[in-house]
Amino acid sequence: MATSASYPPPPPYYRLYGDYLRDPKSAPEPPPPVQGTYPLFGATYTTEDVLPSLEDQGVRQLYPKGLIIGWSKERLVLTLLPLLLLRLSALLRKDYKKELRALNRELQLHLLELADVLVERPSQYARRVEDISLIFKNLHHLLNSLRPHQARATLIHILELQIQRRKQAIEDVKRRREEAQRLLKESLQILDGHSV
Amino acid sequence: MDIISQLQEQVNVIAALSFNTFGTLQRDAPPIRLSPNYPEPAASLSDETINIAEQPKLMSAALVQAAKQFDVLVAALPLSEGGEEAQLKRIAELEAENEAVGEELQKQLEAAEQELRQVQELFNQAADNCLNLKKPE
């Protein structure tokens with residue numbers, strides 16, 4: 001016994017596709033892909049997938065802006081001063097590895113500080129815990145910003161593999177064609193030999 | 001798992017170790033005397049106190065080990081030269097080469113298919129001739 005309502009009927013567009021098998025052009029085209037922002041179940045979503053920067057999320061950024069992958073010019077020792085604002089030093093081209101290592105060391109220092117604070121002034125833990133969570137957020141944001149680079153590197157790898165496979169296929173086809181030509185010539189000679 | 005996921009996993013492991021460390025130490029710490037007005041708290045000497053003395057060493061060793069592992073993973077990152085523009089340039093070059101190689105493959109395939117059709121046609125003719133030359137019994 002059905003106590004719930006039955007399913008709604010399918011949309012009536014199926015009538016437009018009645019002649020699709022005979023004439024594919026008589027039916028309407030599928031709708032074009034969505035561009036820009038679109039609403040879905042009351043919420044707006046955007047089609048552009050971009051990692052929001054830390055400032056957009058309201059988190060202080062601890063590593064210098066303008067990190068370029070693979071360039072390591074100077075060694076910079078990251079000293080975390082509590083009142084230091086966002087560092088806009090795009091001239092400092094640091095590579096991701098140094099930044100990650102520096103953040104790791106800072107994290108360890110902060111954990112030690114937290115242990116000390118808990119021993120001596122237990123009521124002031126909140127600030128330290130906040131700093132530690134800030135470092136974690138920076139770490140994860142750095143790692144996430146490496147993903148586009150990884151995607152491009154994967155694409156390069158796939159293209160190289162594809163080119164290699166295609167070249168291999170060309171070689172195979174050439175070889176087989178030559179083989180076939182050779183066999184045909186041989187068979188021609190044999191036939192001529194028989195008929196003479 | 002790819003290296004970036006491993007790094008992210010390692011960060012989470014460090015976070016888990018750190019809050020487990022502090023949580024365990026806070027939970028198991030014996031009471032301490034805060035002011036001279038109050039008597040000393042009863043210090044119970046048993047297996048638990050021995051364990052409590054060992055735990056910070058073990059847990060901090062684990063934490064430092066995890067941090068070293070993170071450094072090892074960071075060193076293993078294969079970050080190539082140049083950055084975004086160099087990668088995009090390389091992708092464009094590879095696409096052009098792929099296109100050229102694809103056209104050559106297409107040509108070879110078409111030539112091979114044509115030869116195949118010719119050979120099949122010749123076989124058909126030869127078979128017909130054989131059938132026609134055969135004397136009817």
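Calculation criteria
- Residues numbered from 1 in each chain as written.
- Chains lettered and ligands numbered in written order.
- Predicted model: local features only at pLDDT ≥ 70, side-chain atom pairs only at ≥ 80, totals over all residues.
- Heavy atoms only, no water.
- Contact = heavy atoms within 4.5 Å.
- Buried area = accessible area lost by both parts, 1.4 Å probe.
- Salt bridge = Lys/Arg side-chain N within 4 Å of Asp/Glu carboxyl O.
- Polar contact = N/O pair within 3.5 Å; in protein donor to acceptor, adjacent residues only side chain to side chain.
- pLDDT = per-residue confidence, 0-100.
- Helix = DSSP H or I, 4+ residues; strand = E, 2+ residues; numbered from the N terminus.
- Expected span 1.5 Å × (residues − 1).
- Buried < 20%, exposed > 50% of the residue type's maximum accessible area, 1.4 Å probe, protein only.
- Core = buried A, V, L, I, M, F, W, Y, C linked by side-chain atoms within 4.5 Å.
- Patch = residues over 30% accessible without salt bridge, like charges linked within 9 Å, V, L, I, M, F, W, Y side chains within 5 Å.
- Areas by Shrake-Rupley, 256 points an atom, 1.4 Å probe, with all protein chains shown as cover.
- UniProt positions renumbered as here; feature names shortened; annotations may be inferred.
- Phe/Tyr/Trp six-rings, centres within 6.5 Å; stacked < 30°, edge-to-face > 60°.

### Quick word on the interface of chain A and chain B
Contacts between chain A and chain B engage 41 residues on the former and 43 residues on the latter. Summed over both partners, the interface of chain A with chain B buries about 4000 Å², with 67% contributed by carbon and sulfur atoms. By the criterion of area lost to chain B, the three top residues of chain A are A:Lys97, A:Arg152 and A:Arg177, representing 14% of everything that side buries. Here chain A is connected to chain B by five salt bridges. The salt bridge partner of B:Glu97 is A:Lys167, with a shortest N-O separation of 3.2 Å. Seen at the junction of chain A and chain B, the total is 19 residue pairs in polar contact (both at pLDDT 80 or more).

### Observations regarding the confidence of the model for chain B
Mean pLDDT over chain B stands at 87; residues scoring 70 or higher make up 92%. Confidence metrics for the complex model read pTM 0.70 and ipTM 0.77.

### Thoughts on the environment of B:Gln65
In this structure, B:Gln65 sits in helix α2 (residues 47-75). Spatially, the C-alpha atoms of B:Gln65 and B:Ile14 are 9.4 Å apart, while their sequence positions differ by 51 residues.

### Quick look at helix α2 (residues 125-145) of chain A
Across its 21 residues, α2(A) extends 31 Å between first and last C-alpha, which sits within 8% of the 30 Å expected from 1.5 Å per residue. Here α2(A) has its buried residues at A:Asp131, A:Ile132, A:Leu134, A:Ile135, A:Phe136, A:Asn138, A:Leu139, A:His141, A:Leu142 and A:Leu143.

### A word on the nonpolar core
Ranked by size, the top nonpolar core spans 31 residues in total, and within it A:Leu100, A:Leu107, A:Phe136, A:Leu139 and B:Phe70 carry the most contacts. Not counting residues within four places of it along the chain, the set of residues in contact with A:Leu107 comprises A:Ile132, A:Ile135, A:Phe136, A:Leu139 and B:Ile14.

### Notes on a nonpolar patch on the surface
Residue and element names in this part refer to chain A. Together, Tyr13, Leu16, Tyr17 and Tyr20 give the surface a local cluster of nonpolar side chains, amounting to about 450 Å² of exposed area. Assignment of secondary structure puts Tyr17 in the segment before β1 (37-40). Note on Tyr17: relative accessible area 36%, which makes it partly exposed.

### Some points on the UniProt feature "coiled-coil region" (unreviewed entry) in chain B
Mapped onto the present numbering, the UniProt feature "coiled-coil region" (unreviewed entry) falls on residues 84-129 of chain B. As annotated, residues 84-129 of chain B comprises 100% helix and 0% strand, and the C-alpha atoms at either end are separated by 67 Å.

### Regarding the UniProt feature "coiled-coil region" (unreviewed entry) in chain A
UniProt's feature table lists "coiled-coil region" (unreviewed entry) at residues 156-190 of chain A, given in the numbering used throughout. The span residues 156-190 of chain A is 100% helix and 0% strand, and its two end C-alpha atoms sit 51 Å from each other.

### Digging into the packing of aromatic side chains
Both the distance between ring centres and the angle between the ring planes are used here to describe each pair of aromatic rings. All names here are of chain A. Per the counting criterion, the structure on display carries two aromatic pairs over all chains. For the pair Tyr38 and Tyr45, a centre-to-centre distance of 6.0 Å together with 25 degrees between the ring planes defines the contact as stacked. What makes Tyr45 partly exposed here is its relative accessible area of 40%.

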